[in-house]
Amino acid sequence: MKTHILGLPRIGPNRELKFALESFWKGELDEAGLQQVGAQLRRHNWQRQIDAGLDFITVGDFAWYDHVLQTLARLGGLPARFANEGSGLQQLFACARGTKNQFAMEMTKWFDTNYHYLVPEYAPDSDFSDCADDLLAEIREAQQLGRAVKPVLVGPLTLLYLGKEKQGLENRLSLLPRLLTAYSAVLQRLQAAGVEWVQIDEPVLTLELAPEWRAAFTGAYAQLAAHAPKILLVTYFDAVEDIAACAQWPVAGWHIDLVRAPSQLAAWLTALPQDHVLSCGVVDGRNVWRCDADRALEKLRPAQAALGERLWIASSCSLLHAPVDLAAEKKLNLELRNWLAFGQQKIEEVALLKQALLDPASVADRLQQARDSHAQRQASGLRTNAIVQQRLRNVRKEDAARASSYAVRIEKQRVELALPLFPTTTIGSFPQTGAIRAARAAYKRGQLGHLDYLQTMRAEIKLAIEKQEAYGLDLLVHGEAERNDMVEYFGELLWGYAFTENGWVQSYGSRCVKPPIIYGDVYRPEAMTVSWTQYAQSLTAKPVKGMLTGPITMLQWAFVRDDQPRADTALQIALAIRDEVCDLEAAGIRVIQIDEPAIREGLPLKRSDWTHYLQWAVRAFQISAAGVSDATQIHTHMCYAEFNDILDSIAAMDADVITIETSRSDMELLRGFQQFEYPNDIGPGVYDIHSPRVPQVREMERLLEKAAQVIPAERLWVNPDCGLKTRGWEEVDAGLVNMVAAAKNLRQRYAE
Ligand code: GLN
Ligand code: ZN
């Protein structure tokens, strides 16, 4: 029986990699200095695996920027357009960050996580070769430590699948033979270096792959396995499709995720050939909760009975998605802290489970501690809130629907708001200047008093209102100066949320995020935004739009409790937002926006699971929104361009107005809305806020004209793609003046 993990966070316990990378990019650290930091981080991670008693140390999970990019580089597959952008690290960073000659490679989310990888680009002349010297060097370094070394590579089919076809390439699968030649060369070198097992990650096997992709696997692995170390084929995030067929592939073992997909175990135990290893991922690599040892052992015991020595114990996926070490948390509530396990603790859990199977007496104390912590969590008052529980029992079916249909509501809203045709608005945030951030930070540290802080923020709100009136916008916002982040701001005001000091997780490259932890029933003790919004409304005769973050986004960008279905947690958040919406309405706010930029990210990996998710997600949004009267207008905002495949759910959310990102896609997205006959008001973004460029009146007019061809003019709004918080005031002043001018030109044309 063996133990291992699939990979560790590479950022370091104090985000050493982030700081080293950023000073290297600024020219303050030379390459030797950067290499030294990398080597230290790797050694540190290996030593932790050795100290915990794991049977393998995992090598090759370290990446300078991203593990997909790193694998691509090791196979000589960086896009050819970067051939003249230096070599080695310089070229790698050119791909990741762009140069003055070449825009950066595209970035997108790694499956359903919040980690972003760089999207490989494949062209007809893409070629591959063994460029894995750095991996071999790392292996030799690790071998010095005297523990079996298990290198990891992203597998060839996942690498191809996650990439995009460029320059007229028709089918990237046609590159597989070339790619396999390069993989094979690397694997042979690993074998020659004395590596017994190699971990090859093929998470795409948990997707519903098209038949030609699935078929490609058998031949590919027959070719690779012929001259390679023993291959452990690794899957995670969901169950493998068609297990019986997979089990026959010519590899030496499999890894499966028994946290996300525990029910697949039985099929594996039946199908797995007599000499294959099965690595069971029972320690959750994606969340922060301490492993329930008894439940994990329950899963492992039948596997042990069937497999004996051929059972391996592992984390469900790479620990890249978990924070590094709980030891760094000094301020967390001690009761809650005892329920948590970060990367370091998860390594120890994997080792403990093996001991618990082989020699329980030797670890009786630690097992008992794990059991006690679990029992204590079950019984804890931190987890439940009687008011919330009562509230949940009282939710009625009608709570998820507005009193009247959109057609009835919008008439009342038009009377109430008296807005012109093509009404103009923004998505919520205005520039977060250095002064605003400094004031918030000083307030948090206790250096700025309550009243001074209040006055500083009010001055910012006043500035934003005056500017919006001067631009001539129709529906104003308060500007979100008081918010550090759209999730953190609300999380800090709600009960049931906790924040760590150092729980960083890599988002992409040197960027890390610190997601909040939802540990208990979510309850809103008091209004969160009313006084700011009311103050803004007091300064103007025009309507001010209240601004909230929706329940699914609140869920998606946090570590969520694993002791109840996510749908239940979403419902609790929805009820808290609903109360805020109603309080805003009672305070005289006539328009309220509930942002849901993350609703699409929550989609399950398998399409067959989409319906269930969309049902509870849409219901949570509806519950958050539906407490208001017909005349109160609900907006929602989403900022991505691909949702034609979930338009029916977006329509079912039944927001009176939806604002979306469309300017870059040249309004293409709206075709989907037209075909679907999306019934409510739409504000397609006409101002690309991701660019410092100021959009011109003509451009925005043209986009609006295009939009008006597919959406009736009386249902069209005029707004930017997203919030303006990353822009400077100068650009915003110019951009919004132009946007209002574009709307006015259109109005005139339509009045004729
Ligand atoms: N209201 C938020 C803002 O304007 C929305 C941000 C987002 O969509 N990600 O910043
Ligand atoms: Zn947005």
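Residues numbered from 1 in each chain as written. Chains lettered and ligands numbered in written order. Predicted model: local features only at pLDDT ≥ 70, side-chain atom pairs only at ≥ 80, totals over all residues. Heavy atoms only, no water.

*Asks:* Please give an account of the environment of I592 that cites residues and values.
*Replies:* With respect to the helices, strands and loops of the structure, I592 is situated in strand β19 (residues 591-595). Distance in space between the C-alpha atoms of I592 and C582 is 9.7 Å, their sequence separation being 10 residues. Apart from residues lying up to four places away in sequence, I592 is in contact with G546, L548, V581, L584, E585, T632, Q633, I634 and H635. (Helix = DSSP H or I, 4+ residues; strand = E, 2+ residues; numbered from the N terminus. Contact = heavy atoms within 4.5 Å.)

*Asks:* Can you tell me about the site of ligand 1, naming the residues and giving the values?
*Replies:* With respect to spatial proximity, the complete set of residues near ligand 1 consists of I427, G428, S429, E480, M486, M547, D595, P597, H637, C639, C722 and G723. I427 places a polar main-chain atom, nitrogen or oxygen, 3.1 Å from a nitrogen atom of ligand 1. Here a nitrogen atom of ligand 1 and a side-chain polar atom of D595 are 2.7 Å apart. Calculation on ligand 1 without its partners gives an accessible area of 300 Å², and the protein chains cover 90% of this total. Residues that form the shell around ligand 1 fall into these classes: 6 nonpolar, 4 polar and 2 charged. (Near = heavy atom within 4 Å. Polar contact = N/O pair within 3.5 Å; in protein donor to acceptor, adjacent residues only side chain to side chain. Areas by Shrake-Rupley, 256 points an atom, 1.4 Å probe, with all protein chains shown as cover. Nonpolar A, V, L, I, M, F, W, Y, C, P; charged D, E, K, R; others polar.)

*Asks:* Give me the lowdown on unusual backbone geometry, citing residues and values where you can.
*Replies:* Note on backbone geometry: most residues besides glycine have negative phi, and most peptide bonds are trans. With phi around 65°, E480 is a residue other than glycine that occupies positive phi space. Here E480 lies in the loop between α18 (450-471) and α19 (488-493). When its relative accessible area of 11% is taken as the criterion, E480 is described as buried. (Buried < 20%, exposed > 50% of the residue type's maximum accessible area, 1.4 Å probe, protein only.)

*Asks:* Pulling in residues and values, what's your account of the side chain of N287?
*Replies:* Mapped onto the elements of the fold, N287 is located in the loop between β11 (277-283) and α11 (293-307). Only 3.3 Å separates the side chain of N287 from the side chain of W289, close enough to count as a polar contact. In contact with N287, not counting residues within four places along its chain, are A322, A341, K346, F559 and V560.

*Asks:* An account of the sheet that holds strand β20 (residues 633-638) is needed here, citing residue identities and associated values.
*Replies:* The strand order β17-β19-β20-β21-β22 describes an open sheet built from 5 strands, whose pairing is parallel. For this open sheet the edge positions go to β17 (545-549) and β22 (681-684), each flanked by a neighbour on one side alone. The average undirected angle you get between the axes of adjacent strands in this sheet is 20°. Judged from the 5 bridges that link them, β17 and β19 form a sheet pairing that is parallel. Its bridge partner lying in β19, M547 is registered against Q593. (Pairing = 2+ DSSP bridges. Axes fitted to C-alpha atoms, helices over the stretch in contact; angles between N-to-C directions.)

*Asks:* Just give me the short version of the coordination of the zinc ion (ligand 2), but keep the residues and values in it.
*Replies:* H637 (NE2), C639 (SG) and C722 (SG) make up the full set of protein donors to the zinc ion (ligand 2), lying at 2.1 to 2.4 Å. Its 4 donor atoms give the zinc ion (ligand 2) angles of 91 to 122° at the centre, a pattern that matches the tetrahedral case. Here the donor residues for the zinc ion (ligand 2) map to a single chain with the spacing H-x1-C-x82-C. The class of H637 is buried, set by a relative accessible area of 2%. Taking the relative accessible area as the measure of exposure, C639 reaches 25% and is therefore partly exposed. (Donors = N, O, S within 2.8 Å, 3.2 Å for Na, K, Ca; no water. Tetrahedral: all angles 85-135°; square planar, octahedral: opposite > 155°, others 65-115°.)

*Asks:* With reference to specific residues and values, describe the side chain of N502.
*Replies:* With respect to the helices and strands, the residue N502 is situated in the loop between β13 (495-498) and β14 (505-508). Within the structure, N502 has its side chain in polar contact with the backbone oxygen of P13 (distance 3.0 Å). Ignoring any residue separated from it by four or fewer positions in sequence, one finds N502 in contact with P13, N14, A328, E329 and K514.

*Asks:* Can you explain the sheet that holds strand β8 (residues 197-201)? Please cite residues and give values.
*Replies:* Sheet strands pair via backbone hydrogen bonds, and the direction of the pair is either parallel or antiparallel. Here 8 strands make up an open sheet; going across it, the order is β1-β12-β11-β10-β9-β8-β6-β2 and the pairing parallel. Across the chains shown, the open sheet's two edge strands, defined by having one partner strand only, are β1 (2-4) and β2 (56-59). Averaged over all neighbouring strand pairs, the angle between strand axes comes to 25°, with direction disregarded. Bridging between β11 and strand β12 (residues 311-315) involves 5 bridges; their strand directions are parallel. In the strand pairing of β12, C280 is matched with I313. Packing of helix α13 (residues 343-358) onto the sheet brings it into contact with β1, β11 and β12, and relative to β12 it is tilted by some 155°.

*Asks:* Can you lay out helix α16 (residues 406-417) for me, pointing to particular residues and giving the numbers?
*Replies:* Helical geometry note: an α-helix holds 3.6 residues per turn, so side chains three or four residues apart project in the same direction. With 12 residues, α16 extends 15 Å from end C-alpha to end C-alpha; this agrees with the ideal 16 Å at 1.5 Å per step. Among the residues making up α16, those that are buried are Y406, R409, I410, Q413 and L417. Angular distribution of buried residues about the axis of α16 spans 95°; they occupy a single face of the element. Where the residues of α16 are buried, they touch β19, β20 and β22. Backbone geometry just downstream of α16 places A418 in the positive-phi region, at approximately 45°. (Expected span 1.5 Å × (residues − 1). Arc of directions from axis to C-beta.)

*Asks:* Lay out the pattern of salt bridges with the relevant residues and their values.
*Replies:* When charged atoms on two side chains of opposite charge get close, those side chains can pair. Taken as a whole and assessed by the stated rule, the structure comprises 48 salt bridges. In this structure, E196 engages K230 in a salt bridge whose closest nitrogen and oxygen atoms are separated by 2.8 Å. On the criterion of sequence distance, the pair formed by E196 in the loop between α7 (176-192) and β8 and K230 in strand β9 (residues 230-234) is long-range, its members being 34 residues apart. Taken together, the shared-partner salt bridges in this structure form one network comprising R377, R383, D521, R561, D562 and D563. (Salt bridge = Lys/Arg side-chain N within 4 Å of Asp/Glu carboxyl O.)

*Asks:* Break down the packing of aromatic side chains for me, with residues and values.
*Replies:* Here the structure, examined in full by the defined rule, presents 25 aromatic pairs. With 5.2 Å between their ring centres and 85° between their planes, Y489 and F490 make a pair best called edge-to-face. Members of the aromatic cluster, joined through ring pairs, are W110, F111, Y117, Y236 and F237. Here the guanidinium or amino end of R172 rests over the ring plane of Y161, the centre of that ring lying 5.7 Å away. (Phe/Tyr/Trp six-rings, centres within 6.5 Å; stacked < 30°, edge-to-face > 60°. Lys NZ or Arg CZ within 6 Å of the ring centre and 35° of its normal.)

*Asks:* Give me the lowdown on the environment of S538, citing residues and values where you can.
*Replies:* Tracing the chain through its elements places S538 in helix α20 (residues 530-538). Taking the relative accessible area as the measure of exposure, S538 reaches 55% and is therefore exposed. For the pair S538 and K462, spaced 76 residues apart in sequence, the C-alpha to C-alpha distance is 9.9 Å.

*Asks:* So what's going on with the nonpolar core? Residues and values would help.
*Replies:* Core analysis: the largest hydrophobic core is formed by 129 residues, its most contacted members being Y221, W254, W268 and L353. With 104 residues, the next largest nonpolar core counts I518, M547, F673 and V740 among its residues. (Core = buried A, V, L, I, M, F, W, Y, C linked by side-chain atoms within 4.5 Å.)

*Asks:* Lay out the packing of helix α26 (residues 697-710) against helix α27 (residues 729-751) in plain terms, naming residues and giving numbers.
*Replies:* Where α26 meets α27, the axes come as close as 8 Å, and the angle between the chain directions of the two elements is 45°. For the element pair α26 / α27, the angle class is oblique. Handedness of the crossing formed by α26 with α27: right-handed. On α27, the residues that touch V697, M700, E701, L704, E705 and A708 of α26 are G735, N738, M739, A741, A742, A743, N745, L746, R749 and Y750. For the contact of α26 with α27, a count of residues per class yields 10 nonpolar, 3 polar and 3 charged. (Parallel < 35°, antiparallel > 145°, perpendicular 65-115°, else oblique. Left-handed = near helix turned anticlockwise from the far one by under 90°.)

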